[in-house]
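So the chains spell out like this:
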Amino acid sequence: MTTSTLRVLRPAWGRLSLAVLAGTGAAGAAVALTAVSAWLISRAALHPPILHLMVAIVAVRACGLGRGVLRYLERLIGHDAAFRVLAGVRIALYRRLEVLAPAGLAGFRRADLAQRLAADVDAVLDLVTRVLLPYAVAAATGLASVLVIGALVPVAGLALAVALLVTGVAVPLLQRVAARRADGALAPLRAGLATAVVDLVHGLPDLLAYQRIDVLRDRLADLDARLTSASRRSAATAGLGAAVTTLATGAAVLAGLLAGAAAVRAGDLPGELLALVVLTPLAVFEIAAPLPAAAQRYATARASLCRLAEISAAPEPLRSGPESPATAAARPTGNRVPELRLERVTAAWTPDRVAVRDVDLVLPPGARVALTGPSGAGKSTVAALLVRFLDPVAGRVTLDGVDLRDIPGDRVREVVGYLPEDAYLFDTTIAANLRIGRPAATDAELLDALGQARLRDWAASLPDGLQTLVGEHGMALSGGQRRRLALARLLLTGARVLILDEPGEHLDDATARALIRDLLTAAGDRTVLLITHRTAELAGLREVKLPSAAGQAGRPALRSGR
Ligand SMILES: Nc1ncnc2c1ncn2[C@@H]1O[C@H](COP(=O)(O)OP(=O)(O)OP(=O)(O)O)[C@@H](O)[C@H]1O
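Predicted model only: the values in this text are computed from it and were never measured.

Draft legend 1. How the structure looks around the pairing of strand E7 (residues 497-501). The buried count for E7 comes to five of five residues, which makes it a mostly enclosed element. The alternating pattern of E7 places Val 497, Ile 499 and Asp 501 on one face and Leu 498 and Leu 500 on the opposite face, and all of these are buried. Alignment of E7 against strand E8 (residues 527-531), held across five bridges, turns out to be parallel. Residue pairing across strands places Asp 501 opposite Ile 531, the latter belonging to E8.

And the structure:
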């Protein structure tokens, strides 16, 4: 097991040990049941007084009952431990996502990320219940059985030990060599397939319109073929493992029979113990048989853990650390509208590409500024810098003179609110979507915010009012209603600076103008930075223009907005 695997399991060691103990007890009871039964049948054939058999009869009953009870306990405790490990991994991962999003996740595709968060995390469950527990239980039971059989007939004990080593160690190693690439490729191939399917679902209308569905279908078919081939190779090695295990079982039983019979003939073993020596390996192999499959699952689970480790190892996009008391005291709180500044800021989402270069921008308290520029100039990047989704690689962003890098991101976003271009509406009610802005808001406050975004009459006209469901991505609403609802949510946050990224996008000119007018009115004394490329929306705003991306590369410094 790798150190990262051990680290994942660490929080549940106590419960895992208990589960191993119960599992070993259950497996031991199963083996003992076979062994004692074999002895009992043989001994009974000699018609001894019934009292000579009483202990064995009670032992058979105890083993039969104990096996069920201990097995139940193993399942209960083992799954409890597994779910605790799973919860720990999930929480750690979500905490990491919180730190990384959005800039640190730029290198991950969404469907792939979803696959990592779902299927790869679930692999942890397999690791505990189908790898660790079977191996630990089989090792303990196998060792005890080898010792008992070996004490009776050393050669039979040795044969059992060799057969168990073949099943539990040699076969998995051989399988690993044979299916190394296949097992490791399964998780990434599944993720690739998920990404392609999500692409297909999202792009279906366009592909149908262009009659190019074959493009994605071919890609899906190719991925599917590779996944099938990897699964087939993986299944073939699993089948081979099962065959070798069956052979090893047969060999151990045969060796037990031959060596046992020789021992009986030599007078070294009472005849009634021969059945025990011969049949016990069968019971042991029932416990050892799943080991090759467990080892194979370990290979898949390890690939999944590696994919999770990639998320943990992704570099943090923002400088983190505790906020100093001086910064906490200096940063604006309450209703005061602060000043925001970008000073010669250069920023990049990925190390190889600068998104904005040497940008200066001042947003005095209460300012109304329109940030314009051609597509790709970096307007949304400036917004991301102002809400500390991204830190500059050069220059600095300040809030009332305090460098944003010294203020935790969520504290910045209490003051600076952001309405992204594609503001997300959750598939729930209007009220629940609004309360993301202010969880404790009363219905009256929600209605007030809707009123500021000019949606109050519409909401009042709905049969379910605030409890109306907005549908997936807010699809039950019109484009304008979606934007206004997102604006109402932003207004609820109490942020004193509002960054609005293309709020009129995809709306007709008249609707867009009406929306901008309404939001500027709703903004009151707050600072507003409106990102737009529509000159129709500029009325009454001071314009700050970003040059094109090509222009920034050629001309390093941009001075504007003072
Ligand atoms: N979340 C992100 N992850 C990675 N790169 C990004 C991200 N957002 C923007 N970029 C990159 O930063 C550069 C500037 O893009 P940005 O979206 O800031 O420009 P823009 O002026 O807002 O464009 P548009 O008007 O088309 O929305 C582009 O090269 C873009 O690919």
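Draft legend 2. Expanded view of the sheet that holds strand E5 (residues 402-403). Here we have four strands laid out as an open sheet, ordered E2-E1-E4-E5, and antiparallel in their pairing. For this open sheet the edge positions go to strand E2 (353-363) and E5, each flanked by a neighbour on one side alone. Along the sheet, helix H10 (residues 379-386) contacts strand E1 (340-350), E2 and strand E4 (394-399); its crossing angle with E1, the most-contacted strand, is approximately 110 degrees.

Draft legend 3. Representation of the domain arrangement of the chain within the structure. The domains assigned to the chain are domain 1 (9-313) and domain 2 (326-551). Computed over C-alpha atoms, the centres of domain 1 and domain 2 are 52 Å apart.

Draft legend 4. Representation of the sheet that holds strand E3 (residues 368-372) in the model. Read across the sheet, five strands follow the order E6-E7-E8-E3-E9 without closing on themselves; strand pairing throughout is parallel. Looking at strand neighbours, the two that pair on one side only are strand E6 (416-419) and strand E9 (542-545), the edges of this open sheet. The mean inter-strand angle of the sheet, taken between neighbouring strand axes irrespective of direction, is 20 degrees. Along the sheet, H10 contacts E3, E6, E7 and E8; its crossing angle with E7, the most-contacted strand, is approximately 155 degrees. Running over the sheet, helix H16 (residues 509-523) touches E3, E7 and E8 and is turned about 160 degrees from E8.

Draft legend 5. Quick look at unusual backbone geometry. Note the cis peptide between Ala 101 and Pro 102, where omega equals -5 degrees. Relative to the elements of secondary structure, Pro 102 occurs in the loop between helix H3 (54-100) and helix H4 (110-152). Of note in the backbone geometry, His 47 takes a positive phi value of approximately 50 degrees without being a glycine. Not every positive phi belongs to a glycine, and Arg 344 is a case in point at roughly 45 degrees. Relative to the helices and strands, Arg 344 is located in strand E1.

Draft legend 6. View of the packing of helix H6 (residues 213-265) against helix H7 (residues 274-288). Two elements in contact, H6 and H7, have axes whose closest approach is 8 Å; the angle formed by their N-to-C orientations is 165 degrees. Between H6 and H7, the interaxial angle falls into the category roughly antiparallel. Where H6 crosses over H7, the two elements pack in a sense that is right-handed. Contacts from Thr 249, Ala 252, Val 253, Gly 256, Leu 257, Gly 260, Ala 261 and Val 264 of H6 reach H7 at Leu 274, Val 277, Val 278, Pro 281, Leu 282 and Phe 285. Looking at the contact of H6 with H7, its residues break down into eleven nonpolar, three polar and no charged.

About the thresholds
- Residues numbered from 1 in each chain as written.
- Predicted model: local features only at pLDDT ≥ 70, side-chain atom pairs only at ≥ 80, totals over all residues.
- Buried ≥ 20, exposed ≤ 12 C-beta atoms within 10 Å, placed from the backbone.
- Helix = DSSP H or I, 4+ residues; strand = E, 2+ residues; numbered from the N terminus.
- Pairing = 2+ DSSP bridges.
- Contact = placed C-beta atoms within 7 Å.
- Axes fitted to C-alpha atoms, helices over the stretch in contact; angles between N-to-C directions.
- Domains from an automatic or database assignment.
- Parallel < 35°, antiparallel > 145°, perpendicular 65-115°, else oblique.
- Left-handed = near helix turned anticlockwise from the far one by under 90°.
- Nonpolar A, V, L, I, M, F, W, Y, C, P; charged D, E, K, R; others polar.

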